[in-house]
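# Reading the structure
Read off the chains here:
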Amino acid sequence: MSRLALFLLGAPRIERDNLPISVDTRKAIALIAYLAVTHERQSRDRLAALLWPDYDQTHARAALRRTLSTLNKALAGEWLNLEREQLNLHPGPDLWLDVEVFSHYLAACRTHGHPSSKVCPACIGPLAEAVSLYRDDFLAGFSLRDSPDFDDWQFFQAESLRRDLAGALERLVYGYSALGQFDAAITTGRRWLALDRLHEPAHRYLMQLYTWAGQRAAALHQYRECVQVLEQELGVAPLEATTQLYQAIKENHAPPPPEQWQTSSAAPEDNAASARNPKPATATGLSVSSPPNNTYSASGYPLVGRAAEWSTLTRSYAASSACGQLIVIEGEAGIGKTRLAEEFLASVQNKGAAVSAARCYEGETHLAYGPIGAGLRAAIVQQGRLQRLEGLSPLWLSEAARLLPELGSLRPDTPPAPPLDSPGAQSRFFEGLKHVIQALCSDAQPGLLFLDDAHWADSASLDLLTYLTRRLYENRFSLIFTWRSELVPPGHRLQHLLSEAQRSGNATILSLARLSQPTVGELVRSATAGDAALVDRLYQETEGLPFFLVEYLAALANGVLTAESENWSLPGGVRDLLRSRLVAVSETGWQLLTAAAAIGRSFDFDTLREASGRSEEETVTALEELLTRRLVREVQGGAGEQALIYDFSHEKLRELVYEETSLARRRLLHRRIAEALVSRTRGVRESSALTGQIARHYRLAGTESAAAEYFRLAGERARNLYANTESLEHFQTALALGYPEPAALHVSIGDLHTLLGEYSAALRSYETAAALAEPGALAGIEHKLGAVYERRGDWELAESHFEAALAALGETGATETRSSVYADWSRTAHHRGETSRALELARQALDLAEVAQERRALAQAHNILGILTSSQGDLIQAQRHLEESLALAEQLNDQSARVAALNNLALVCRTSGAIDRAIELTKTALALCAAQGDRHREAALHNNLADLLHSSGRTEDAMPHLKQAVSLYAEIDLEAGALQPEIWKLTEW
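On a predicted model such as this, the values are computed, not experimentally measured, just so you know.

Scanning the chain from terminus to terminus reveals 43 helices and 15 strands. Principal-axis analysis of the C-alpha atoms places the extent of the chain at approximately 125 × 80 × 60 Å. Relative to its full complement of 989 residues, the chain shows a buried share of 54%. Summarising the internal contacts of the chain: among those between residues at least 6 apart in sequence, 66% fall at separations of at least 24.

This is the structure in structure tokens:
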């Protein structure tokens, strides 16, 4: 058979015996690419539907037959295995696929005894070969516009491979750095950055590489390139960590280069050491005084928050004096399983117990009895342990020597082990190992066999552990395992092993929870003099995960992070741990993860399905996978599927998934999410709680016009709920995104600034609105300008704007609007002491309101007349006007008018001696005003209430209100600078 080579990384190319062959149709290229990459037998119906979705079944299958004929001819009748209903490519050594070779090189690095996110000298060759194969993205420049399902498949293949390439380039950069090959590292780093120009870690590392290579100017230019691209693409500044590195380079205080590898002939795992990729531990045993490299590197940190678990361990170990026990410590990655186990093992070892231990590794699941053999060898070489085996029967020594050949020389009379195919051979082998373990663990106290990360144990080791667990009743040692909950789902062999031990009453399981905030505070205070703010921030960042907490504390101690930094980047160890949890996620699972990361920390099923583009069945299957791996969790249940809400297990996990999703993919996801949410707001768009979310997703999708409209809607909804600060932010964002009616937005922004007591900003917004507005809207804006100047006590300016408003309205303008202007002008005249003029303006306001029969204008006119008649001592008439104003305001549900009428009526009641009623009216007004968010008037109401309470002899009750009034007054119109007395004199309005 000829040799077939498929080049799919980049523009597709097919070679047979090193000569390019031509395929006439794009569908034929798509077909062979799909068959080669999937490695599966495909049904003809599936392929026909995939490539010709617009055809009926008969015509689609006919088109498939024609394409297969063309392809088969180009391949000289070889390579295609054609059956009536199914087909595939012949597998074999003569089929070469660049995608497969690329993945093979990356997989080779996972056999070097370190986590897949790390790098050692032996990784450099395979990684370099892998990235050299990657000419361009998967099937670059190729598409089938009439086959959306194929395009989706191609897109996700490309995304997955780009992600693998990014990881390979990143590790290669670190590897070249550890070899001191900074020029090669820079070249590779530029390629890494080219995959995603927004990836700040790549920018930062390139800055360091240029510095280490003596190119300081290039390092500083790299920072400016980072600033520029972030501003252009996202409109944001770099993270604090990036800026701090820039300052350090400018001041010649850049971090030193990583410790250089010693390039000798030593095994890869003995050389893998660099600043970012520390030396990984090998799968060896340990005495507790020499622990293996563990997931919770807590050197120098006390063990906190595990008192209850420690008590349980102590009780379980005490029970092992009568019968062997199985103790399982489970939990998510980084929860501190190994740390707890090692602390406990050290404790019992100090009391005379013998301990043998080993650790399982992700890349060694194919090594039969790997951790068992390594652990026993480590135990044997400990002082005094070898002599314990001298009393063993030669039969058991010969059986154990199958795994540990060195035992054969221990006793000259050791017979050769029976053939492996003899009856009962495996049972004798396991029994021999059991006797060796028992001899090594025999001491004054019950012994312990510890297996760390048991979820990565090979199948043969699990057979032995099952054998030992079933015989706990006759053992003089106990077993302690740690495993990650997400990697030991129901049905896993370890779960069956645990169930057997539980049925016999010899098992204890400890499920570790995250640390509480007080416990986090205890650990933080043991390591640093951090204040409560630092404790709160660390708790928020880590969510109580011990490994994360220790990594952040180390980064703070080393100066990588500072407490003052606004944004913290992920410490390297945290990033590596999170990546290790994502390695085994399926393609569809990764698609769902990226969609979920774009939605946010929490997400629902329907939005996830629509955003990911997967079918309902595919979404359910992949979501179950993510739940099983504990990458996400169900946080709320309901009667139906739509009521289910899901959440990432950790916010940093969501951040990492989002960060490693390409910009193009992010924008696609955000657009899909926005469209999915829009479909749920039909008919209730104006009032929907989803408007803010829709606006955010449209903005991140780059659809600025739609984002501007939804930010406006979100602002209106927030304002209706008196969430003034949030409303202001939404309106300002809509404005920045180019909302087509800026004048109206500036008016709304001015209204909110007015309520917040930010009068200078309000005036700027109204003036801008006036410059942009149509002539018909000028009267309203002039009126609002006058109202702000009146609040500030600038009476002349207020009157000039009221006059301008009336002039803009003219004699034929809206009667109720003219009435409102006259009422406000009347109040201004009253403040200036022009009582007769104020009364004249107020009567004009009332006359116009009665003509218009507009209740809002009537309420306002009666309110100002109540103020004026009260100032003249006519309390009965004042009360009548104010009661009428209050009734009208309540009919309208106008909160501002109600607050004014209640306050002014309370002042009349106080003057007439009805102090108790005045207090109740003022309290009601204060509650309404606080909800509305009018800070200036809220300050006045607190002050009025303090005066009323003091007058009634309740001085202690008055003081909190007086203090609150002073605090609020001090915040009003801070931007104006100089103290404005009239602001502090407000009592009625």
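Along the polypeptide, R837 turns up in helix α36 (residues 835-852). Judged by its relative accessible area of 30%, R837 falls in the partly exposed class. Residues R837 and R654, spaced 183 residues apart in sequence, show a C-alpha to C-alpha distance of 66 Å. For R837, the residues in contact, after removing those within four places along its chain, are E799, W825 and A829.

On to the environment of L713, then. By the secondary structure assignment, L713 is in helix α29 (residues 704-720). Measuring from C-alpha to C-alpha, the distance between L713 and E399 comes to 77 Å, with 314 residues separating the pair along the chain.

Moving on to the packing of aromatic side chains. Counting across every chain of the model gives 25 aromatic pairs. Ring plane angle 50 degrees and centroid distance 5.0 Å describe the contact between F7 and W96, whose orientation is recorded as tilted. Remark: W96 occurs in strand β7 (residues 95-97) and F7 occurs in strand β1 (residues 4-7); sequence separation between them is 89 residues. W96 gets classed as partly exposed once you look at its relative accessible area, which sits at 21%. Clustering of aromatic rings is evident, with ring pairs tying together Y34, F138, F142, F150 and W153. The aromatic ring of W568 is capped on one face by R537, whose charged end is 3.9 Å from the ring centroid.

A few words now on the confidence of the model for the chain. The share of residues in the chain with pLDDT of 70 or more is 94%, and the mean pLDDT across the chain is 87. The weakest mean pLDDT in the chain belongs to helix α11 (residues 268-271) at 32; the strongest belongs to strand β8 (residues 326-331) at 96. In the model, residues 263-299 has pLDDT below 50 throughout and makes 99 contacts with residues more than four positions away in sequence or in other chains. Residue range residues 638-642 is modelled with pLDDT below 50. Its contacts to residues more than four positions away, or to other chains, number six contacts.

Of all hydrophobic cores here, the largest spans 92 residues; its most connected members are L538, L593 and F603. The contact partners of L593, leaving out residues within four places of it in the chain, are L582, V585, L626, L631, V632, F648 and V657. Counting 85 residues, the second-largest nonpolar core is a separate cluster that includes L6, V119, F182 and Y205.

Moving on to the environment of F548. Turning to its location among the elements, F548 is positioned in helix α21 (residues 546-557). For the pair F548 and L538, spaced 10 residues apart in sequence, the C-alpha separation works out to 9.2 Å. Ignoring any residue separated from it by four or fewer positions in sequence, one finds F548 in contact with T542, V574, L577, L578, H650 and K652.

Either a parallel or an antiparallel arrangement is found when strands of a sheet pair, and the pairing is made through backbone hydrogen bonds. The strand order β3-β2-β1-β7 describes an open sheet built from four strands, whose pairing is mixed. Strands with a single pairing partner mark the edges of an open sheet, and in this sheet they are β3 (19-20) and β7.

The next point concerns unusual backbone geometry. One non-glycine residue, Y722, lies in positive phi territory at about 65 degrees. Positionally, Y722 belongs in the loop between α29 and α30 (724-736). Y722 sits in the partly exposed class, given a relative accessible area of 35%.

Another aspect to go through is the state of the cysteines. Disulfide: a covalent bond formed between the sulfur atoms of two cysteine residues. Under the counting rule described, the total for this entry stands at zero disulfides. Here C109 is not cross-linked by a disulfide; its sulfur's nearest cysteine counterpart is in C123, at 3.9 Å. No disulfide involves C120; its nearest neighbouring cysteine sulfur is the one of C123, lying 3.5 Å away. When its relative accessible area of 0% is taken as the criterion, C120 is described as buried.

Spatial ordering of the open sheet is given by β4-β6-β5, a layout of three strands whose pairing is antiparallel. The sheet is open, and its two edges are formed by β4 (42-43) and β5 (80-82), each paired on a single side. Summarising the sheet, β4 and strand β6 (residues 86-89) pair through two bridges and their orientation is antiparallel. Residue pairing for β6: Q42 is matched across the bridge by L87. Running at roughly 80 degrees to β6, helix α1 (residues 26-38) makes contact with β4, β5 and β6 of the sheet.

Conventions and cut-offs
Residues numbered from 1 in each chain as written. Predicted model: local features only at pLDDT ≥ 70, side-chain atom pairs only at ≥ 80, totals over all residues. Heavy atoms only, no water. Helix = DSSP H or I, 4+ residues; strand = E, 2+ residues; numbered from the N terminus. Buried < 20%, exposed > 50% of the residue type's maximum accessible area, 1.4 Å probe, protein only. Contact = heavy atoms within 4.5 Å. Phe/Tyr/Trp six-rings, centres within 6.5 Å; stacked < 30°, edge-to-face > 60°. Lys NZ or Arg CZ within 6 Å of the ring centre and 35° of its normal. pLDDT = per-residue confidence, 0-100. Core = buried A, V, L, I, M, F, W, Y, C linked by side-chain atoms within 4.5 Å. Pairing = 2+ DSSP bridges. Disulfide = S-S within 2.5 Å. Axes fitted to C-alpha atoms, helices over the stretch in contact; angles between N-to-C directions.

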